[in-house]
Amino acid sequence: MGKISDISALPDDAEYVFESCVDNSIVQKTRRRTVISLKYSKFRSIEIARRKKDRSKTSTFRSSELAAIVPSGAKYSFDLIAFVGRKCYLEGCTLKSVNAEIEKRKGLSPIPASSLYDIQRKFLFYLGELHRRATPEIEAFLRKRGNVTWLIDGTIEPGSPVFFGVKEAQAGIFLKGWKIPTENEEDISKCLLEAADLYGKPDEILHDLSERMINSCEAALPDCPHRVCHYHLCGDLGRDLYDAPQKMLNKRIRAIKLQPYLKNQRSSQTQRIRGQIRDGNARLILKDLLSGNTTDFEFTDVLAREILLGLHSWMLDYANDGRRQGFPFDPYLLYFHRRIAKINAVAKSLIARDNSISKLPRVFYGFSERLEKYLADPVVDTAANLYEKAFDIFRRIREVLRMDAKGPSPMRDSYELTSRGRKDVRESLNDLMEQFGKSGRNCSSSEELALYNIALSHVGKYRQYLFRGDEEKNAGASFVRTTNAIESHWGSGKRLRRQTHGRMKLARDFFALPAEYMLIPNLNNPVYVELVFGSLEKLPEKLAEAGKTSGSYSSWCKRQHPLNTGRLPIKTIRSEAFIDDLIELF
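Everything numeric in this text was worked out from a predicted model, so none of it was measured.

Reading the values: rules and limits
Residues numbered from 1 in each chain as written. Predicted model: local features only at pLDDT ≥ 70, side-chain atom pairs only at ≥ 80, totals over all residues. Heavy atoms only, no water. Buried < 20%, exposed > 50% of the residue type's maximum accessible area, 1.4 Å probe, protein only. Helix = DSSP H or I, 4+ residues; strand = E, 2+ residues; numbered from the N terminus. Pairing = 2+ DSSP bridges. Expected span 1.5 Å × (residues − 1). Arc of directions from axis to C-beta. Core = buried A, V, L, I, M, F, W, Y, C linked by side-chain atoms within 4.5 Å. Contact = heavy atoms within 4.5 Å. Patch = residues over 30% accessible without salt bridge, like charges linked within 9 Å, V, L, I, M, F, W, Y side chains within 5 Å. Areas by Shrake-Rupley, 256 points an atom, 1.4 Å probe, with all protein chains shown as cover. Salt bridge = Lys/Arg side-chain N within 4 Å of Asp/Glu carboxyl O. Phe/Tyr/Trp six-rings, centres within 6.5 Å; stacked < 30°, edge-to-face > 60°.

**What to know about the pairing of strand β5 (residues 149-155)**
Line of reasoning, step 1. With seven of seven residues buried, β5 lies mostly within the body of the structure.
Line of reasoning, step 2. Taken together, the three bridges between β5 and strand β8 (residues 204-207) define a ladder with parallel strand orientation. Looking at β8, one finds that leucine 151 is bridged to leucine 206.
Line of reasoning, step 3. With six bridges connecting them, β5 and strand β6 (residues 162-168) associate as antiparallel partners. Each bridged residue has a counterpart across the sheet, and for leucine 151 the counterpart in β6 is lysine 167.
Line of reasoning, step 4. As consecutive antiparallel partners, β5 and β6 are separated by six residues, and within that stretch glycine 159 has a phi angle of approximately 80 degrees, a positive value.

**Focus: helix α4 (residues 95-106)**
Line of reasoning, step 1. Under the 1.5 Å per step criterion, the end-to-end length of α4 is 15 Å for twelve residues, consistent within 8% with the ideal 16 Å.
Line of reasoning, step 2. Buried residues of α4: Val98, Asn99, Glu101 and Ile102, and no others. Taken down its axis, α4 places every buried residue within 160 degrees of arc, on the same side. Along α4, the residues that are exposed and aim more than 90 degrees away from the buried face are Lys96 and Lys104.

**Concerning the nonpolar core**
Line of reasoning, step 1. Among the nonpolar cores identified, the biggest contains 79 residues, and Phe123, Trp150, Leu192, Ile520 and Phe533 are the most heavily contacted of them.
Line of reasoning, step 2. With near-sequence residues (within four places) excluded, leucine 192 lies in contact with Trp150, Ile152, Phe164, Val166, Ser216, Cys217, Ala220 and Leu221.
Line of reasoning, step 3. Core analysis: the second largest hydrophobic core is formed by 63 residues, Leu209, Tyr242, Phe329 and Phe391 among them.

**A word on unusual backbone geometry**
Line of reasoning, step 1. The linkage connecting phenylalanine 327 with the following residue, proline 328, adopts the cis geometry, with an omega of 5 degrees.
Line of reasoning, step 2. Within the secondary structure, proline 328 sits in the loop between α12 (301-316) and α13 (332-352).
Line of reasoning, step 3. Despite not being glycine, asparagine 147 shows a phi value in the positive range, around 55 degrees.
Line of reasoning, step 4. Turning to its location among the elements, asparagine 147 is positioned in the loop between α6 (135-145) and β5.
Line of reasoning, step 5. Judged by relative accessible area, which is 15%, asparagine 147 ranks as buried.
Line of reasoning, step 6. Its identity as a non-glycine residue notwithstanding, tyrosine 415 has a phi of 50 degrees, on the positive side.
Line of reasoning, step 7. Among the secondary structure elements, tyrosine 415 is positioned in the loop between α15 (378-401) and β10 (417-418).

**With respect to the pairing of β6**
Line of reasoning, step 1. Within β6, seven of the seven residues are buried, leaving the element largely enclosed by the surrounding structure.
Line of reasoning, step 2. Across the two faces of β6 the burial is the same, with Val162, Phe164, Val166 and Glu168 and Phe163, Gly165 and Lys167 all buried.
Line of reasoning, step 3. Strand direction decides the pairing type here: β6 and strand β7 (residues 174-180), joined by six bridges, are antiparallel. Looking at β7, one finds that lysine 167 is bridged to phenylalanine 174.
Line of reasoning, step 4. Hairpin connection from β6 to β7: five residues lie between these consecutive antiparallel strands, with glycine 172 at a positive phi of about 70 degrees.

**Topic: a nonpolar patch on the surface**
Line of reasoning, step 1. A surface patch of nonpolar side chains, about 260 Å² in accessible area, is lined by Leu568, Ile570 and Ile573.
Line of reasoning, step 2. Examined against the element boundaries, isoleucine 570 turns out to sit in helix α23 (residues 570-573).
Line of reasoning, step 3. When its relative accessible area of 48% is taken as the criterion, isoleucine 570 is described as partly exposed.

**Digging into the packing of aromatic side chains**
Line of reasoning, step 1. Here the structure, examined in full by the defined rule, presents 21 aromatic pairs.
Line of reasoning, step 2. Here phenylalanine 125 and tyrosine 126 contribute two aromatic rings whose centre-to-centre distance is 5.0 Å and whose plane-to-plane angle is 55 degrees, an arrangement assigned as tilted. Tyrosine 126 carries the same exposure label as phenylalanine 125, and that label is buried.
Line of reasoning, step 3. On the numbers, 5.5 Å between centres and 50 degrees between planes, the contact of phenylalanine 436 with tyrosine 452 is tilted.

Pasting the structure below:
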């Protein structure tokens, strides 16, 4: 007995006639084609197109029933397009695995890889049309909710066009995306104007510290308040504050060759322990001792070396002191230095307790001497003190701006504040800058003075773009202060591509993918799904609706490769006769 899917499938030679019922019309043409669908399997369609007898009216009437199943002139149905699109772009499946699933679960013959590639691009084509059709509903929703904040940003891979986008902060809806040759003011301004035509002017725009972003906002939407991302400001400030001490400390660590010494010591001690265990002279007990599973033991040479490796492990786990925000919010080199100082104190304490009963191996003394030599180095001491001062200045600014890590994913946090909170932050920041000004005038160290000047310079440069100045309005509302949401949007799209093909570099993807690809994360947004689809289960029929107004797929494909002005396509440049042709043309 065959599979149920095989039994229920239509016969391979099944043919169905699709004809529109239009009064006072005549047959214009008849088209035959094979249609492959997940719901209807494989069948032959005979579509009879009709037109009015009055030849002055050239409108062609096609079967609405067939149009709801498959795009005009196409072979693969809307439900297959929806299935492939969701598998490839939402779940990160490869075309090969998608094909296998279609064959296994849906009972269809394998689809050529080139056709699957075309199908997944058609998914983006129709998704873009659906998004455009839903623009009035999205705009009405945002206006009704109020306090519309745009997050604008661009992302790029080396040698590829820029994906530029606008995302609404509160609803988390990606409103519009573009592919532009470079992140330049002219193209960004055009994008902002187009978005404003579609969704109206926002109440506020948030962007990074780029002058191009600032100039583009002022050129395109001069009456719209625009602000810089507080997270970007802190990141830029922290990098500049840490630059001098980071370089000093890192250079000295390399000169002393501390890390190679520690690495060699771990390797040699591991080999020493393995040899003693292999000879049957000892066993590992430190883990059991720390967990309380063993109380009766004898202090052995192996245990001492285990303790030494334990000190190494704790010292190298310095990244755990961070708050998952990355550099410069987490200055890992400073954390490493602090742990060296802590371990050195512990090692000296253990050596001081050494006696004839629990004799420490000589390697302990060498370990302590090397750490002591590092900490006693005058350059290391100067660099570490300067690093601590930079860390303190950065910490105080972050506390005033209320940019301390929150939750398990601080790099994605919007760090919202109420209007009252924004007013308090602005006043506290002004007071802190006055304190820094006084401290800078009173300090005797030129290096420390440079740190204060860096803080004053950064805050002074962007002060006018930090707050709106209308904190009394919408007193109970919360306002987003970072562009982390759109940064996460880019990251989500890139992560899916890497998951799909396993390549770290995405330049090829960025060349091939259309701007509509960045709409994909919207499908994980329940608000967006409700507005545009109702539910993702209705995706095939929604794609069919989009097919009525989407226009030509081939024309859409030709628009997906923006070039920098005046630059030739790579294919033309790589032609063997390119130089000769160029000289002859000249």
